[in-house]
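Descriptive structure summary
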Amino acid sequence: MTRSLPRRSQEPVAWSLFGAGGMLLAFLGPALVLITLLVLPALLADDVAAGHAAVLAALRHPLGALLAFAGLSLTFFHTLHRLCHGLHDLHVPLSARLVGWVGYGTATLLSLLAGVWLLGL
Amino acid sequence: MSGSLKVRVQRYRPEEDDAPWWQSFEVPWSEDTSVLDALNHIKDVEDGSLSYRWSCRMAICGSCGVMVNDEPRLGCKTFLRHYADADEIVLRPLENLAVERDLVSDIDPMLAHIETVQPWLQREQAEAPEAGETLQTPVQMARYESFSHCINCGLCYAACPQFGRNPDFLGPAALTLAQRYNLDSRDEGREARMPFLNGEDGVWACTFVGYCSDVCPKDVDPAAAINQGKVASNVNYAVNLFRLLRGGDDA
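By the naming in an unreviewed UniProt entry, chain B goes by Fumarate reductase iron-sulfur subunit and is assigned to Chromatocurvus halotolerans. On record in UniProt, under Sequence similarities (unreviewed entry), the comment for chain B is "Belongs to the succinate dehydrogenase/fumarate reductase iron-sulfur protein family." Per UniProt, chain B carries the Catalytic activity (unreviewed entry) text "a menaquinone + succinate = a menaquinol + fumarate".

Going by the annotation in an unreviewed UniProt entry, the name recorded for chain A is Succinate dehydrogenase subunit D, with Chromatocurvus halotolerans given as the source organism.

Listed below in structure tokens is the structure:
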């Protein structure tokens, strides 16, 4: 018994963003926590204003903004992807299509907001 | 180490029973008594009408899969001594598959899924035997070897919540076998298999619960194979996207 060829799933788009977000979180997450919660506050304890100026300058630099955008946006997609599949695994009686639109729509919206915020700095 | 244990078995004989029912037996055990031995004891001594599948008694044939206390296990590889402290052990046919009779499951859906992914060596051109063997290095073999240990016992299908909810999902064993042949340096059948992996009932229906790998009696790790399949399907998606952008056909 052989099947006719099935329709291609569009899941690779969501999975790529999920995977990229997960990878980024795994590699950069601990370092970011270390730097922003411990190292920078310790180094800049004497001059908070200079620290603020330095972080602002980094975020205004195109490369810094791009990194921050990737860090935020991919994390949104990673989290929302897991939530969508988590709802399915928990047998929450919602249509997969609806969950997909709301989930990935939220990630897209949050990414846009992050982009607008970074551009406006 | 020895004793006796209450074994509760789900019975269902379609020509007599309207619904499944339970039957209990007291089974003597010693250190080397397996669940399969217990079933053979029941059939030989207590009730000859009990039906169950078995053959090799050594975890190779993959016939004797049953639910032991709600866990998919091979009867021959599960020993009563591990349940010595329990009040009883409860045996049911494999989850997620229809019951044919007593502990015998209808495994046709699983076999159909396995056949779908064409798990055999495919060559674009047939070679004459005189051409000799198609050689493979140990490194090339190591890529797929662990996935080739699958014995088609179906425990992973009984464990998989996605297969339970969507019987069209190709499932752990089929997707693992697809990966096993896709990774084989001698095989040229990847193009025929990928559409089934790429489909909505292929690798993407898996949410990486991972219970299939927990219950696999041969340590095949289907969850890892499926995730490797997701990477392969992802690459295939990107390549297809470029082909479409350049005006090519959708594949």
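1. As for unusual backbone geometry
Residues and elements named next belong to chain B. Residue R57 is not a glycine yet carries a positive backbone phi of 70 degrees. In this structure, D221 is a non-glycine residue whose phi angle is positive, near 60 degrees. The exposure class of D221 is partly exposed, given its relative accessible area of 34%.

2. Considerations on the interface of chain B and chain A
Each partner contributes to the interface: chain B provides 26 residues, whereas chain A provides 19 residues. Counting the surface chain B buries against chain A, the share from its top three residues, R165, W204 and Y237 of chain B, is 31%. On inspection of chain B and its partner chain A, the count reaches one salt bridge. One salt bridge connects E200 of chain B with R7 of chain A, and the closest N-O pair in it is separated by 3.3 Å. Our count for the chain B to chain A interface comes out at ten residue pairs in polar contact (both at pLDDT 80 or more).

3. So, the packing of helix α2 (residues 48-60) of chain A against helix α3 (residues 62-89) of chain A
Residue and element names in this part refer to chain A. Contact pair α2 / α3: the axes reach a minimum separation of 4 Å and the direction vectors enclose 85 degrees. Compared by their axis directions, α2 and α3 come out roughly perpendicular. Between α2 and α3, the contacting residues are A58, L59 and R60 on the first element and P62, G64, A65 and A68 on the second. Taken together, the residues of the contact of α2 with α3 sort by class into five nonpolar, one polar and one charged.

Reading the values: rules and limits
- Residues numbered from 1 in each chain as written.
- Chains lettered and ligands numbered in written order.
- Predicted model: local features only at pLDDT ≥ 70, side-chain atom pairs only at ≥ 80, totals over all residues.
- Heavy atoms only, no water.
- UniProt positions renumbered as here; feature names shortened; annotations may be inferred.
- Buried < 20%, exposed > 50% of the residue type's maximum accessible area, 1.4 Å probe, protein only.
- Contact = heavy atoms within 4.5 Å.
- Buried area = accessible area lost by both parts, 1.4 Å probe.
- Salt bridge = Lys/Arg side-chain N within 4 Å of Asp/Glu carboxyl O.
- Polar contact = N/O pair within 3.5 Å; in protein donor to acceptor, adjacent residues only side chain to side chain.
- Axes fitted to C-alpha atoms, helices over the stretch in contact; angles between N-to-C directions.
- Helix = DSSP H or I, 4+ residues; strand = E, 2+ residues; numbered from the N terminus.
- Parallel < 35°, antiparallel > 145°, perpendicular 65-115°, else oblique.
- Nonpolar A, V, L, I, M, F, W, Y, C, P; charged D, E, K, R; others polar.

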